Structures are given as C-alpha cells and as structure tokens.
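What follows is the residue order along each chain.
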Amino acid sequence: QVQLAESGGGQVHPGGSLKLSCVTSGSTFSFNAMGWYRQAPGKQRELVATIKSGGRTTYSDSVKGRFTISRRDPMNTVYLQMNSLTPEDTAIYYCNANGIRGNAYAYWGRGTQVTVSS
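Note that this is a predicted model, so its numbers are computed, not measured.

Caption draft 1: Summary view of the state of the cysteines. The final tally for this structure, using the stated rule, is one disulfide. Residue C22 pairs covalently with C95 via a disulfide, S to S 2.0 Å. Its S-S torsion of approximately -85 degrees makes the covalent link between C22 and C95 left-handed. In this pair, C22 sits in strand β3 (residues 18-25) while C95 sits in strand β9 (residues 91-101), placing the two residues 73 residues apart along the sequence. By relative accessible area, C95 is classed as buried at 0%.

Take a look at the structure:
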C-alpha cells in the first residue's frame, strides 16, 4: 500500500521560510509526477507546484519565484522550499503522487499545516 507522509509544517512570521518534505513508502516504482497542493479554510484545494520524473517543474502564479519544488531520486521523496511567506500562504499542504501505470493513479498524503502570522 502506497503511503505519503508530509512533514515540515509549522508556524512562521511573514517573510519567513519553511521546507516541507514528503516521503513515500510502499511503492515499487517511481511516480510519473509528484506535487504539492494546498487548501486554505473555506477554499478549494489548489495546485502549488509539481515536478515530473524528467525534472520539469510547474508553479502556480501565486508562489512562482518564492517556492521551489525538488525531488530526490529515485522519485519517492519530494520537497517544497517556501520563502517569503505571507499570511495568504496559510493552508494545509498536501503531497500528491500521480501518473499512469496501466491505469491512472493518484495518491495523497494527510497534509501538514502551514500557518503564517505575526
């Protein structure tokens, strides 16, 4: 059974930094893509950043230039370096792994809380 476990969340002041980690277990293959999503109170879950097995990355406009997604090979660990945090970044951050292996698959972690406040 594939499991994703996020860590690294916490509370920081505006302008601060955090680094999130997502470690997976139970997989016998490398995921096609991994990414980070977030959900703020009262809002829908939104994409933050993704990284594909070839290393290509994408970012939402709201975090571009401030956040950096990276991975450790084999592709079962992914990180999110978050700099210049603002209160608008406050949310639960979820790790995601997805791709196609015969059928499409998608796995989610349980999330880690990030709170940015003064």
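Next comes the rest of the description.
Caption draft 2: Summary view of the pattern of salt bridges. One pass over the full model with this rule turns up four salt bridges. In this structure, E46 and R38 form a salt bridge, with 2.7 Å as the shortest nitrogen-oxygen distance. Overall, E46 belongs to the partly exposed group, its relative accessible area being 35%. Its relative accessible area of 5% is what places R38 among the buried residues.

Parameters at a glance
- Residues numbered from 1 in each chain as written.
- Predicted model: local features only at pLDDT ≥ 70, side-chain atom pairs only at ≥ 80, totals over all residues.
- Heavy atoms only, no water.
- Disulfide = S-S within 2.5 Å.
- Helix = DSSP H or I, 4+ residues; strand = E, 2+ residues; numbered from the N terminus.
- Buried < 20%, exposed > 50% of the residue type's maximum accessible area, 1.4 Å probe, protein only.
- Salt bridge = Lys/Arg side-chain N within 4 Å of Asp/Glu carboxyl O.

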